[in-house]
Amino acid sequence: GLLNSTEDSSEGEVKIFDLMGRIVKQVPNVEWNAGTLVQIPLMEQHGIYIVEVTSDVSRQVGKVFLK
């Protein structure tokens, strides 16, 4: 996943966008550790969303498909 390739333990912000570029969810101060799954509840319809994870040292972007 997006967070597995970053540092062992970190904190940052997660933004979830629809394909029109609108933010559908923004979660500040998310903490993660290597090997730990981070789940963010999302009450959106099925489709493709863009997830951006930003920390002090990195920024990663990926696509998520909700069924």
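Residues numbered from 1 in each chain as written. Predicted model: local features only at pLDDT ≥ 70, side-chain atom pairs only at ≥ 80, totals over all residues. Heavy atoms only, no water.

Caption draft 1: Expanded view of a nonpolar patch on the surface. Together, Leu19, Ile48 and Phe65 give the surface a local cluster of nonpolar side chains, amounting to about 320 Å² of exposed area. Here Ile48 lies in strand β3 (residues 47–55). Among the residues examined, Ile48 registers a relative accessible area of 36% and is labelled partly exposed. (Patch = residues over 30% accessible without salt bridge, like charges linked within 9 Å, V, L, I, M, F, W, Y side chains within 5 Å. Areas by Shrake-Rupley, 256 points an atom, 1.4 Å probe, with all protein chains shown as cover. Salt bridge = Lys/Arg side-chain N within 4 Å of Asp/Glu carboxyl O. Helix = DSSP H or I, 4+ residues; strand = E, 2+ residues; numbered from the N terminus. Buried < 20%, exposed > 50% of the residue type's maximum accessible area, 1.4 Å probe, protein only.)

Caption draft 2: Structural context of the environment of Ile16. The residue Ile16 is located in strand β1 (residues 9–17) in this model. It is 6.3 Å that separates the C-alpha atoms of Ile16 and Gln26, two residues lying 10 residues apart in sequence. Beyond its immediate sequence surroundings of up to four residues, Ile16 is in contact with Arg22, Ile23, Val24, Lys25, Leu42, Tyr49, Ile50 and Val51. (Contact = heavy atoms within 4.5 Å.)

Caption draft 3: Representation of the pairing of β3 in the model. Bridge count between β3 and strand β4 (residues 59–66): 8 bridges; the pairing is antiparallel. Within the sheet, the bridge partner assigned to Tyr49 lies in β4 and is Val64. Linkage of β3 to β4, two consecutive antiparallel strands, is achieved through a turn of 3 residues. (Pairing = 2+ DSSP bridges.)

Caption draft 4: Representation of the environment of Pro28 within the structure. Among the structural elements, Pro28 can be located in strand β2 (residues 23–33). Residues Pro28 and Val53 lie 25 residues apart in sequence; the distance between their C-alpha atoms is 10.0 Å. When residues no more than four places from it in sequence are discounted, the contact partners of Pro28 are Gly12 and Glu13.

Caption draft 5: Broad picture of the environment of Gly62. Mapped onto the fold, Gly62 is located in strand β4. Accessibility expressed as a relative area gives 18% for Gly62, which makes it buried. Sequence-wise, Gly62 and Tyr49 are 13 residues apart; in three dimensions their C-alpha atoms are separated by 8.5 Å.

Caption draft 6: The side chain of Asp18, seen in detail. Inspection of the secondary structure assignment puts Asp18 in the loop between β1 and β2. Setting aside residues up to four positions removed in sequence, Asp18 forms contacts with Val24 and Tyr49.

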